[in-house]
Amino acid sequence: MTDVGADAPPARDVTVVEVGPRDGLQNEARAIGPAEKIEFIERLLAAGVSALELTSFVRADRIPQLADAAEVAAHFPHRAGVRLIALTPNEKGLDAALQAGINEVAIFAAASDEFSRRNINQSVAASLEMFRPVAERALDAALHVRGYVSTVLGCPYQGRVPLRDVVALTESMFALGCAEVSLGDTIGVGTPGTVRALIAAVSGSCDVRRLAFHGHDTYGTGLANAFAAYEQGIRTFDTSAGGLGGCPYAGPAVRGNLATEDLVYAFEGSGIRTGIDLDQVVAASMWVAQHLGHPPYSAAALALAR
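Because the structure is a prediction, the values reported are computed rather than measured. (Residues numbered from 1 in each chain as written. Predicted model: local features only at pLDDT ≥ 70, side-chain atom pairs only at ≥ 80, totals over all residues. Heavy atoms only, no water.)

Visitor: Would you mind going over the pattern of salt bridges with me for this structure?
Guide: Side chains bearing opposite charge may pair, as long as their charged atoms lie close to each other. Within the structure shown, the criterion is met by 17 salt bridges. Between R146 and D238 there is a salt bridge whose closest N-O contact spans 2.8 Å. Here the residue R146 occupies a position in strand β5 (residues 144–150), and D238 occupies one in strand β8 (residues 236–239), the gap between them amounting to 92 residues. Neither R146 nor D238 differs from the other in exposure class; each is buried. Salt bridges linked by common partners bring R83, E104, R146, E180 and D238 together as one network. (Salt bridge = Lys/Arg side-chain N within 4 Å of Asp/Glu carboxyl O. Helix = DSSP H or I, 4+ residues; strand = E, 2+ residues; numbered from the N terminus. Buried < 20%, exposed > 50% of the residue type's maximum accessible area, 1.4 Å probe, protein only.)

Here is the structure:
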(Lines give C-alpha, C1' and ligand atoms only; values in the text may rest on other atoms or scores of the structure.)
Protein backbone atom coordinates (compact mmCIF):
# COMPACT_ATOMS: atom_id res chain seq x y z
CA MET A 1 0.00 0.00 0.00
CA THR A 2 1.28 3.45 -0.91
CA ASP A 3 1.84 5.72 2.08
CA VAL A 4 0.08 9.01 1.38
CA GLY A 5 1.80 11.73 3.39
CA ALA A 6 0.28 14.81 4.94
CA ASP A 7 1.66 16.93 2.10
CA ALA A 8 0.01 14.88 -0.65
CA PRO A 9 -2.24 16.94 -2.93
CA PRO A 10 -5.97 16.67 -2.20
CA ALA A 11 -8.06 14.29 -4.29
CA ARG A 12 -9.97 16.04 -7.07
CA ASP A 13 -12.78 14.99 -9.38
CA VAL A 14 -12.75 18.37 -11.12
CA THR A 15 -10.25 21.17 -11.65
CA VAL A 16 -11.26 24.69 -10.67
CA VAL A 17 -9.44 27.42 -12.58
CA GLU A 18 -9.56 30.48 -10.32
CA VAL A 19 -9.95 33.63 -12.45
CA GLY A 20 -10.46 36.22 -9.70
CA PRO A 21 -6.94 37.74 -9.72
CA ARG A 22 -7.18 38.48 -13.47
CA ASP A 23 -10.70 38.36 -14.89
CA GLY A 24 -12.16 39.41 -11.56
CA LEU A 25 -9.91 42.30 -10.59
CA GLN A 26 -9.64 43.79 -14.08
CA ASN A 27 -13.36 44.57 -14.03
CA GLU A 28 -13.38 46.10 -10.55
CA ALA A 29 -13.83 49.88 -10.34
CA ARG A 30 -11.27 50.13 -7.54
CA ALA A 31 -7.73 48.97 -8.30
CA ILE A 32 -5.68 47.34 -5.57
CA GLY A 33 -1.89 47.32 -5.38
CA PRO A 34 0.51 44.50 -6.19
CA ALA A 35 1.08 43.64 -2.53
CA GLU A 36 -2.66 43.09 -2.03
CA LYS A 37 -2.91 41.05 -5.23
CA ILE A 38 -0.02 38.85 -4.17
CA GLU A 39 -1.61 38.31 -0.75
CA PHE A 40 -4.95 37.45 -2.41
CA ILE A 41 -3.27 34.91 -4.69
CA GLU A 42 -1.31 33.37 -1.81
CA ARG A 43 -4.55 32.95 0.14
CA LEU A 44 -6.20 31.23 -2.84
CA LEU A 45 -3.27 28.87 -3.32
CA ALA A 46 -3.32 28.06 0.40
CA ALA A 47 -7.00 27.17 0.02
CA GLY A 48 -6.05 24.45 -2.45
CA VAL A 49 -6.47 26.22 -5.79
CA SER A 50 -4.31 24.34 -8.30
CA ALA A 51 -4.91 26.48 -11.41
CA LEU A 52 -5.15 30.25 -11.39
CA GLU A 53 -5.25 33.19 -13.78
CA LEU A 54 -2.37 35.22 -12.44
CA THR A 55 -2.58 38.35 -14.58
CA SER A 56 -2.71 39.66 -18.15
CA PHE A 57 0.10 41.33 -20.07
CA VAL A 58 -1.86 44.11 -21.72
CA ARG A 59 -1.44 47.83 -22.21
CA ALA A 60 -1.72 49.69 -18.92
CA ASP A 61 -3.83 52.41 -20.53
CA ARG A 62 -6.38 49.79 -21.63
CA ILE A 63 -6.61 47.89 -18.34
CA PRO A 64 -4.98 49.98 -15.60
CA GLN A 65 -6.02 47.46 -12.94
CA LEU A 66 -3.36 45.08 -14.34
CA ALA A 67 -0.57 47.59 -14.91
CA ASP A 68 1.52 45.72 -12.32
CA ALA A 69 1.45 42.40 -14.22
CA ALA A 70 5.23 41.96 -14.32
CA GLU A 71 5.63 42.71 -10.61
CA VAL A 72 2.89 40.28 -9.60
CA ALA A 73 4.13 37.54 -11.94
CA ALA A 74 7.69 37.87 -10.70
CA HIS A 75 6.53 36.83 -7.23
CA PHE A 76 5.30 33.42 -8.44
CA PRO A 77 8.06 31.59 -10.31
CA HIS A 78 7.22 27.99 -11.31
CA ARG A 79 5.32 26.58 -8.36
CA ALA A 80 5.27 22.80 -8.44
CA GLY A 81 1.85 21.33 -9.09
CA VAL A 82 0.21 24.71 -9.77
CA ARG A 83 -0.86 26.17 -13.10
CA LEU A 84 -0.25 29.93 -13.13
CA ILE A 85 -1.80 31.37 -16.28
CA ALA A 86 -1.27 34.77 -17.90
CA LEU A 87 -3.21 36.19 -20.83
CA THR A 88 -1.03 37.26 -23.74
CA PRO A 89 -3.12 38.98 -26.42
CA ASN A 90 -0.18 39.66 -28.74
CA GLU A 91 3.54 39.02 -29.21
CA LYS A 92 4.51 41.96 -27.03
CA GLY A 93 2.46 40.45 -24.22
CA LEU A 94 4.14 37.10 -24.82
CA ASP A 95 7.57 38.73 -24.59
CA ALA A 96 6.64 40.15 -21.19
CA ALA A 97 5.30 36.78 -20.03
CA LEU A 98 8.48 35.00 -21.10
CA GLN A 99 10.60 37.58 -19.29
CA ALA A 100 8.50 37.09 -16.15
CA GLY A 101 8.98 33.33 -16.23
CA ILE A 102 5.34 32.42 -16.89
CA ASN A 103 4.90 28.78 -17.99
CA GLU A 104 1.29 28.88 -19.21
CA VAL A 105 -0.23 31.56 -21.41
CA ALA A 106 -3.72 32.10 -22.76
CA ILE A 107 -5.20 33.50 -25.95
CA PHE A 108 -8.83 34.48 -26.44
CA ALA A 109 -11.32 34.97 -29.25
CA ALA A 110 -15.06 35.55 -29.54
CA ALA A 111 -17.43 33.24 -31.40
CA SER A 112 -19.45 36.34 -32.35
CA ASP A 113 -17.95 38.36 -35.18
CA GLU A 114 -19.82 41.49 -34.06
CA PHE A 115 -18.50 41.15 -30.50
CA SER A 116 -14.97 40.64 -31.79
CA ARG A 117 -15.11 43.75 -33.97
CA ARG A 118 -16.44 45.93 -31.16
CA ASN A 119 -14.10 44.49 -28.53
CA ILE A 120 -10.76 44.31 -30.38
CA ASN A 121 -11.64 45.93 -33.72
CA GLN A 122 -11.00 42.70 -35.63
CA SER A 123 -13.03 39.93 -37.14
CA VAL A 124 -12.86 36.47 -35.60
CA ALA A 125 -10.73 35.28 -38.52
CA ALA A 126 -8.32 38.21 -38.13
CA SER A 127 -8.01 37.62 -34.38
CA LEU A 128 -6.99 34.02 -35.01
CA GLU A 129 -4.23 35.18 -37.34
CA MET A 130 -3.04 37.62 -34.67
CA PHE A 131 -2.83 34.79 -32.15
CA ARG A 132 -1.08 32.35 -34.49
CA PRO A 133 2.49 33.64 -33.93
CA VAL A 134 1.79 34.01 -30.20
CA ALA A 135 0.81 30.35 -29.95
CA GLU A 136 3.68 29.19 -32.17
CA ARG A 137 6.30 31.06 -30.17
CA ALA A 138 4.80 29.94 -26.86
CA LEU A 139 4.88 26.30 -27.93
CA ASP A 140 8.46 26.69 -29.19
CA ALA A 141 9.33 27.96 -25.70
CA ALA A 142 7.70 24.84 -24.18
CA LEU A 143 4.83 26.82 -22.65
CA HIS A 144 1.34 25.44 -22.28
CA VAL A 145 -1.28 27.42 -24.22
CA ARG A 146 -4.86 27.79 -23.03
CA GLY A 147 -7.58 29.09 -25.33
CA TYR A 148 -10.73 31.02 -24.45
CA VAL A 149 -13.81 31.15 -26.65
CA SER A 150 -16.24 33.83 -25.49
CA THR A 151 -19.91 34.57 -26.29
CA VAL A 152 -20.60 30.85 -26.72
CA LEU A 153 -24.25 31.13 -25.66
CA GLY A 154 -25.08 34.67 -26.65
CA CYS A 155 -23.73 38.08 -27.65
CA PRO A 156 -24.89 41.51 -26.42
CA TYR A 157 -24.84 42.79 -30.03
CA GLN A 158 -25.55 39.78 -32.22
CA GLY A 159 -27.91 37.94 -29.92
CA ARG A 160 -27.91 34.18 -30.46
CA VAL A 161 -24.60 32.73 -31.61
CA PRO A 162 -24.92 29.66 -33.87
CA LEU A 163 -23.39 26.55 -32.32
CA ARG A 164 -21.58 25.84 -35.59
CA ASP A 165 -19.61 29.08 -35.11
CA VAL A 166 -18.62 28.02 -31.57
CA VAL A 167 -17.58 24.57 -32.80
CA ALA A 168 -15.53 26.00 -35.67
CA LEU A 169 -13.69 28.47 -33.45
CA THR A 170 -12.99 25.83 -30.78
CA GLU A 171 -11.56 23.54 -33.46
CA SER A 172 -9.39 26.43 -34.68
CA MET A 173 -8.10 27.06 -31.15
CA PHE A 174 -7.03 23.44 -30.83
CA ALA A 175 -5.45 23.63 -34.29
CA LEU A 176 -3.33 26.55 -33.05
CA GLY A 177 -1.92 24.25 -30.36
CA CYS A 178 -4.08 24.98 -27.33
CA ALA A 179 -3.92 22.22 -24.73
CA GLU A 180 -7.29 23.27 -23.31
CA VAL A 181 -10.12 25.51 -24.48
CA SER A 182 -12.49 27.26 -22.08
CA LEU A 183 -16.02 27.92 -23.35
CA GLY A 184 -17.29 31.20 -21.91
CA ASP A 185 -20.90 32.26 -21.42
CA THR A 186 -19.76 35.86 -21.47
CA ILE A 187 -23.05 37.58 -20.64
CA GLY A 188 -24.49 34.73 -18.58
CA VAL A 189 -27.58 34.00 -20.68
CA GLY A 190 -27.11 30.22 -20.64
CA THR A 191 -29.53 27.74 -19.13
CA PRO A 192 -28.91 24.06 -18.34
CA GLY A 193 -30.59 23.10 -21.60
CA THR A 194 -28.49 25.39 -23.78
CA VAL A 195 -25.33 24.38 -21.91
CA ARG A 196 -26.03 20.69 -22.57
CA ALA A 197 -26.58 21.43 -26.25
CA LEU A 198 -23.37 23.48 -26.38
CA ILE A 199 -21.17 20.80 -24.85
CA ALA A 200 -22.77 18.08 -26.96
CA ALA A 201 -22.08 20.07 -30.14
CA VAL A 202 -18.48 20.96 -29.32
CA SER A 203 -17.56 17.52 -27.98
CA GLY A 204 -18.75 16.02 -31.26
CA SER A 205 -15.41 17.02 -32.80
CA CYS A 206 -13.30 18.04 -29.79
CA ASP A 207 -12.14 15.95 -26.82
CA VAL A 208 -14.43 16.87 -23.93
CA ARG A 209 -11.55 16.14 -21.52
CA ARG A 210 -9.74 19.16 -22.98
CA LEU A 211 -12.70 21.53 -22.60
CA ALA A 212 -13.50 23.85 -19.70
CA PHE A 213 -16.68 25.74 -18.89
CA HIS A 214 -16.64 29.40 -17.85
CA GLY A 215 -20.08 30.35 -16.59
CA HIS A 216 -21.56 33.59 -15.34
CA ASP A 217 -24.39 34.07 -12.86
CA THR A 218 -26.21 36.96 -14.54
CA TYR A 219 -29.63 35.31 -14.29
CA GLY A 220 -28.84 33.14 -11.28
CA THR A 221 -28.27 30.02 -13.40
CA GLY A 222 -24.51 29.76 -12.90
CA LEU A 223 -24.53 26.73 -10.61
CA ALA A 224 -27.23 24.90 -12.56
CA ASN A 225 -25.23 25.47 -15.74
CA ALA A 226 -22.06 24.14 -14.10
CA PHE A 227 -23.88 20.96 -13.09
CA ALA A 228 -25.24 20.62 -16.63
CA ALA A 229 -21.71 20.94 -18.02
CA TYR A 230 -20.48 18.34 -15.52
CA GLU A 231 -23.21 15.93 -16.65
CA GLN A 232 -21.96 16.39 -20.22
CA GLY A 233 -18.41 15.39 -19.25
CA ILE A 234 -16.77 18.74 -18.42
CA ARG A 235 -14.25 18.40 -15.60
CA THR A 236 -12.64 21.87 -15.59
CA PHE A 237 -14.52 24.96 -14.45
CA ASP A 238 -13.50 28.64 -14.41
CA THR A 239 -14.77 30.49 -11.33
CA SER A 240 -13.93 33.67 -9.45
CA ALA A 241 -13.49 33.99 -5.68
CA GLY A 242 -16.26 36.14 -4.29
CA GLY A 243 -17.88 36.27 -7.73
CA LEU A 244 -15.47 39.07 -8.66
CA GLY A 245 -15.65 40.57 -12.12
CA GLY A 246 -17.77 39.63 -15.06
CA CYS A 247 -18.49 41.13 -18.43
CA PRO A 248 -19.29 44.86 -18.54
CA TYR A 249 -21.32 44.22 -21.71
CA ALA A 250 -23.89 42.24 -19.68
CA GLY A 251 -25.15 45.50 -18.22
CA PRO A 252 -24.73 47.50 -15.01
CA ALA A 253 -25.29 46.08 -11.53
CA VAL A 254 -25.57 42.44 -12.60
CA ARG A 255 -23.80 39.42 -11.15
CA GLY A 256 -20.80 38.29 -13.12
CA ASN A 257 -18.51 35.29 -12.80
CA LEU A 258 -19.79 32.26 -10.89
CA ALA A 259 -18.28 32.46 -7.40
CA THR A 260 -15.65 29.85 -6.58
CA GLU A 261 -17.07 29.18 -3.12
CA ASP A 262 -20.59 28.73 -4.51
CA LEU A 263 -19.34 26.01 -6.85
CA VAL A 264 -17.16 24.42 -4.16
CA TYR A 265 -20.08 24.32 -1.69
CA ALA A 266 -22.46 22.79 -4.24
CA PHE A 267 -20.01 20.32 -5.79
CA GLU A 268 -18.48 19.10 -2.53
CA GLY A 269 -21.96 18.72 -1.06
CA SER A 270 -22.83 16.55 -4.05
CA GLY A 271 -19.78 14.32 -3.67
CA ILE A 272 -17.76 16.00 -6.42
CA ARG A 273 -14.30 16.70 -5.03
CA THR A 274 -12.69 20.05 -5.90
CA GLY A 275 -9.63 19.87 -3.64
CA ILE A 276 -10.42 23.37 -2.36
CA ASP A 277 -11.04 24.23 1.29
CA LEU A 278 -14.35 26.08 1.45
CA ASP A 279 -13.61 28.04 4.63
CA GLN A 280 -10.26 29.24 3.32
CA VAL A 281 -11.58 30.39 -0.05
CA VAL A 282 -14.42 32.22 1.71
CA ALA A 283 -11.86 33.90 3.95
CA ALA A 284 -9.87 34.95 0.86
CA SER A 285 -13.01 36.38 -0.73
CA MET A 286 -13.94 38.32 2.40
CA TRP A 287 -10.37 39.63 2.69
CA VAL A 288 -10.18 40.96 -0.86
CA ALA A 289 -13.73 42.36 -0.65
CA GLN A 290 -12.64 44.57 2.22
CA HIS A 291 -9.86 45.98 0.05
CA LEU A 292 -12.25 46.52 -2.86
CA GLY A 293 -14.83 48.26 -0.70
CA HIS A 294 -17.85 46.04 -1.30
CA PRO A 295 -19.16 42.67 -0.07
CA PRO A 296 -18.52 39.53 -2.13
CA TYR A 297 -21.04 38.59 -4.82
CA SER A 298 -21.33 35.08 -3.42
CA ALA A 299 -24.24 33.44 -1.64
CA ALA A 300 -21.99 30.91 0.09
CA ALA A 301 -19.53 33.56 1.28
CA LEU A 302 -22.24 35.76 2.75
CA ALA A 303 -24.04 32.84 4.39
CA LEU A 304 -20.88 31.38 5.94
CA ALA A 305 -19.63 34.79 7.05
CA ARG A 306 -22.85 35.26 9.01
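So much for the structure itself; the text now carries on.
Visitor: Please explain the sheet that holds strand β4 (residues 104–110) as it appears in this structure.
Guide: Neighbouring strands of a sheet are bound in pairs by backbone hydrogen bonds; such pairs are parallel or else antiparallel. One closed barrel accounts for eight strands, arranged β1-β2-β3-β4-β5-β6-β7-β8; its pairing is parallel. Neighbour-to-neighbour, the strand axes of the sheet open up by a mean angle of 30°, direction not taken into account. Its contacts with the sheet put helix α7 (residues 163–175) on β4, β5, β6 (180–184) and β7 (211–214), and the angle it makes with β6 is roughly 155°. (Pairing = 2+ DSSP bridges. Axes fitted to C-alpha atoms, helices over the stretch in contact; angles between N-to-C directions. Contact = heavy atoms within 4.5 Å.)

Visitor: Sorry, what's going on with the pairing of strand β3 (residues 83–87) here?
Guide: Regular strands show a simple pattern: their side chains alternate between the two faces of the sheet. Of all five residues in β3, four are buried, a share of seventy percent or more. Here strand β2 (residues 51–56) pairs with β3 via five bridges, running parallel. Looking at β3, one finds that L52 is bridged to L84. The parallel pair β2 and β3, bridged by helix α3 (residues 69–74), forms a crossover whose chirality is right-handed. In this sheet, β4 lies alongside β3 in parallel orientation, the contact comprising three bridges. Paired with A86 across the two strands is V105, which belongs to β4. Handedness of the β3-helix α4 (residues 91–100)-β4 crossover: right-handed. (Right-handed = clockwise from strand over helix to strand, strands pointing away.)

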